[in-house]
Every structure is written in structure tokens, then in C-alpha cells.
Amino acid sequence: MKKISIMIPCYNEVENVVPISEAVVRVMTERLPQYDYEILFIDNCSNDGTRDKIEEICGKNKKIKAIFNVTNFGQFNSPFYGMCQTTGDCTISLCCDFQDPPEMIPVFVKKWEEGHKIVSGIKTSSKESRFMYTLRTFYYKMMRHFSDVRMIEHFTGFGLYDKTFISLLKELDDPIPFVRGIVAEYGSGFNMIEVEYEQPKRRAGKTHNNFLSLYDAAMLSITSYTKMGLRVATLIGFLCSAVSLLIALVYLIMKLCRWESFQAGYAPMILGIFVLGSLQLFFIGLLGEYILNINTRVIHRPLVVEERRINFEEEDQKKTEEKQEDREEKRCEES
């Protein structure tokens, strides 16, 4: 019997963890009874009672597992780490707030059985604010034009991933993984297919996405998958230098020709200083984003540090037995 893993990252989702677990179990037992399943919650250090709810759920159903992080490791590291801890023949990643509809699970599984090792959920429309949807559309189109990798528009990470792709994720050893970019980069080699869906509203609670989290996501993708920022900085710097040199020559000619009627004053110089200074500060900040990306990769801290696990006893016991068998085989070979 094939096993399907459903990985659900969460942070302060006390109102959603029980309903999402019930919805996923209902889908698996009623619409996909021919498959075994596991549900893995990875909690990013919630402080609103989410962990208590998860413990209750895990106590009632041993197929529901949990990993509690010692602190909040961000919106990218925790889901990536959770995907790497699943044990199924395929893994489905979906959000806890119901914006990734559980009803899409059978659709993904059907495409998987047809031979597609990656099934990406693509938002065709969303019941979120039009402004945010439009802003995201602009961002995706910009990334498609400037990235070396063909980015997938309106793909949030919601989808199905075969265990062969999960094995690839484990081998990457990336301290700041960006799953959307990784899927876009390697998806063609796994016969990826896109499945469209309409994104519903959040079921309950407040979104944890704000300007800083969206900015962080945008900067991670830009500094990891584009040379756009540095190339634009170089181009604008060259143009500004050319314009400045031209203006300097014009002023020199005016001075040598003693063109007394030409009196521009100090206004052009002051404006030029402010404009060039602003451009320098902007591109120094952008260069800092690239350096920060490099610094994070060089430090290479662990993706996640676990506080504890729930319902992983069988897997841990199997791993221990396998290690013991390997040791015995090595001893036999040595002897």
C-alpha cells in the first residue's frame, strides 16, 4: 500500500489545526481509502495554544505526527525541513489556514499516479485583496523576465512532491532554501505538471504575512535567482557617470567661453548631489542584501533545531534497527 504524507507548517493557528486535521483525515479515509497516510505538523514555536491542540490531535490518532521547533525559524526553513522529515511515497504540502484547499489532494494524487512526480498548485484567482493579488502578479512577471530560472507564476509551494524529489531536497544542503525556486529550477526533470485552483479566504485567525515577511521572500528570490539588482546598479551607475561627465564638459565650455548670460547657480549641483546620493544608498542597500544572502550561506546554521517530536517512535526504532544491522554487516565484513 502506498503512503501519502501531508506536511502542514503552522504558527499561531490555534483555531485551524483541529479543523485542518479533520478535513485531511476525511479526504484520506473517504476519497483515498486505498492509500496509507501520515499527517505531519511542524510548529514554528507557537505561543497561542496551538501546541496543546496538536498534542491532543496526536494523542487521538497515531498517524498524525508533530515536530516542535525551539524558536521561529521563518516561513521557508520550517516547511522545507518538515518536507524532508516525511516518510511517504509522496508528500503534499499545504497551509494550515485552508487557503490551500484539502479538496485538491485527490486531484494531485491522480496526476501523481499518471506519472507526474511534481504537481504544482497554481492560483488562477484569489479571494484575498485585489491589491495583494495584483502586487504578486507584478512580482511574478518581473521574476520571470529577470531570473535565470523560469519562475512559476502564482505558485506558493502548495503541491505534491514524489519521494525522489524529496530525496533531492535532502541532498541540497541549503541553509536558506526557497522551495518555489527549487521547484522551478528542477521541476522539468521530474515531469512537473501545473494544476489550477482558486484560493479561498483564510478560515480563521489573522495572516502572519506582513510587509517585512513579503519583503524577505522577495529579496530571497531576487538574491538567489537573479543578477538583476547588480546589473541594474551597474547600468544606472554608468549612465549617471556619463550624464555627470557631459554636464561637467558643458560647464567647462561655458566657463572657458565666458558665457556671462548663463547663470544656473548652485541648484543643478545640489540636485545632482541628492540624486546621486540617493542612488548610491539604494544600491548599497541592495548590495547588502546579496552579501547578507552569502553570509547566511557561509555561516550555515541548521535549518531547524527541534524541541521534541510526537508519534515518531516507530520510525526512530526502524532507523535504530537499520543502523544496528549496518554495524553488524560491517563487523562481519571486517572479520
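Everything below is about the structure printed above this text.
Residues numbered from 1 in each chain as written. Predicted model: local features only at pLDDT ≥ 70, side-chain atom pairs only at ≥ 80, totals over all residues. Heavy atoms only, no water.

**Q** Mind showing me how you'd approach the side chain of aspartate 174 here?
**A** Positionally, aspartate 174 belongs in the loop between α6 (163-172) and α7 (179-186). Only 3.1 Å separates the side chain of aspartate 174 from the backbone nitrogen of isoleucine 176, close enough to count as a polar contact. The contacts of aspartate 174, once residues within four sequence positions are left out, are Arg297 and Leu303. (Helix = DSSP H or I, 4+ residues; strand = E, 2+ residues; numbered from the N terminus. Polar contact = N/O pair within 3.5 Å; in protein donor to acceptor, adjacent residues only side chain to side chain. Contact = heavy atoms within 4.5 Å.)

**Q** Which parts of the structure should I look at to understand the packing of aromatic side chains?
**A** Aromatic ring pairs are defined here through the distance separating the ring centres and the angle between the ring planes. Scanning all chains against the criterion turns up 5 aromatic pairs. A ring pair is formed by phenylalanine 76 and phenylalanine 178, whose centres lie 5.5 Å apart and whose planes are at 70°; its orientation type is edge-to-face. Residue phenylalanine 76 is found in helix α3 (residues 74-84), and its partner phenylalanine 178 is found in the loop between α6 and α7; the two are separated by 102 residues along the sequence. Each member of the pair, phenylalanine 76 as well as phenylalanine 178, carries the same accessibility label: buried. Grouped by ring-pair contacts, the aromatic residues Phe108, Phe158 and Tyr197 constitute a single cluster. One cation-aromatic arrangement involves lysine 2 over tryptophan 112; the distance from NZ or CZ to the ring centre is 5.1 Å. Above the ring of phenylalanine 312, the side-chain terminus of arginine 309 is found at 4.5 Å from the ring centroid. (Phe/Tyr/Trp six-rings, centres within 6.5 Å; stacked < 30°, edge-to-face > 60°. Buried < 20%, exposed > 50% of the residue type's maximum accessible area, 1.4 Å probe, protein only. Lys NZ or Arg CZ within 6 Å of the ring centre and 35° of its normal.)

**Q** Quick question: what am I supposed to make of unusual backbone geometry here?
**A** Of all residues except glycine, most have a negative phi; of all peptide bonds, most are trans. One non-glycine residue, asparagine 12, adopts positive backbone phi at about 55°. You can see asparagine 12 is positioned in the loop between β1 (3-10) and α1 (17-30). Of note in this structure, histidine 154 is not a glycine but carries a positive phi near 55°. Here histidine 154 lies in the loop between α5 (130-146) and β6 (155-162). Under the relative-accessibility criterion, histidine 154 is labelled buried at 6%.

**Q** Looking at this model, I keep getting lost on the packing of α1 against helix α2 (residues 50-60). Mind explaining?
**A** When two helices pack together, their arrangement is given by the angle between the helix axes and by the axis-to-axis distance. Two elements in contact, α1 and α2, have axes whose closest approach is 9 Å; the angle formed by their N-to-C orientations is 30°. Viewed along their axes, α1 and α2 adopt a mutual orientation that is roughly parallel. The segment α1 lies against α2, with Val17, Val18 and Ser21 engaging Thr50, Lys53, Ile54 and Ile57. Of the residues assigned to the contact of α1 with α2, the class counts are 4 nonpolar, 2 polar and 1 charged. (Axes fitted to C-alpha atoms, helices over the stretch in contact; angles between N-to-C directions. Parallel < 35°, antiparallel > 145°, perpendicular 65-115°, else oblique. Nonpolar A, V, L, I, M, F, W, Y, C, P; charged D, E, K, R; others polar.)

**Q** I would appreciate a short explanation of the pattern of salt bridges in the present structure.
**A** Any two side chains of opposite charge can pair if their charged atoms end up close together. For the structure shown, the criterion picks out 9 salt bridges. For the salt bridge of glutamate 38 with lysine 3, the shortest nitrogen-to-oxygen distance reads 3.5 Å. With glutamate 38 in strand β2 (residues 36-43) and lysine 3 in strand β1, this residue pair connects regions lying 35 residues apart in the sequence. Each member of the pair, glutamate 38 as well as lysine 3, carries the same accessibility label: buried. With a shortest N-O distance of 2.7 Å, glutamate 306 and arginine 309 are connected by a salt bridge. Assessed through its relative accessible area of 25%, glutamate 306 is described here as partly exposed. Under the relative-accessibility criterion, arginine 309 is labelled partly exposed at 24%. (Salt bridge = Lys/Arg side-chain N within 4 Å of Asp/Glu carboxyl O.)

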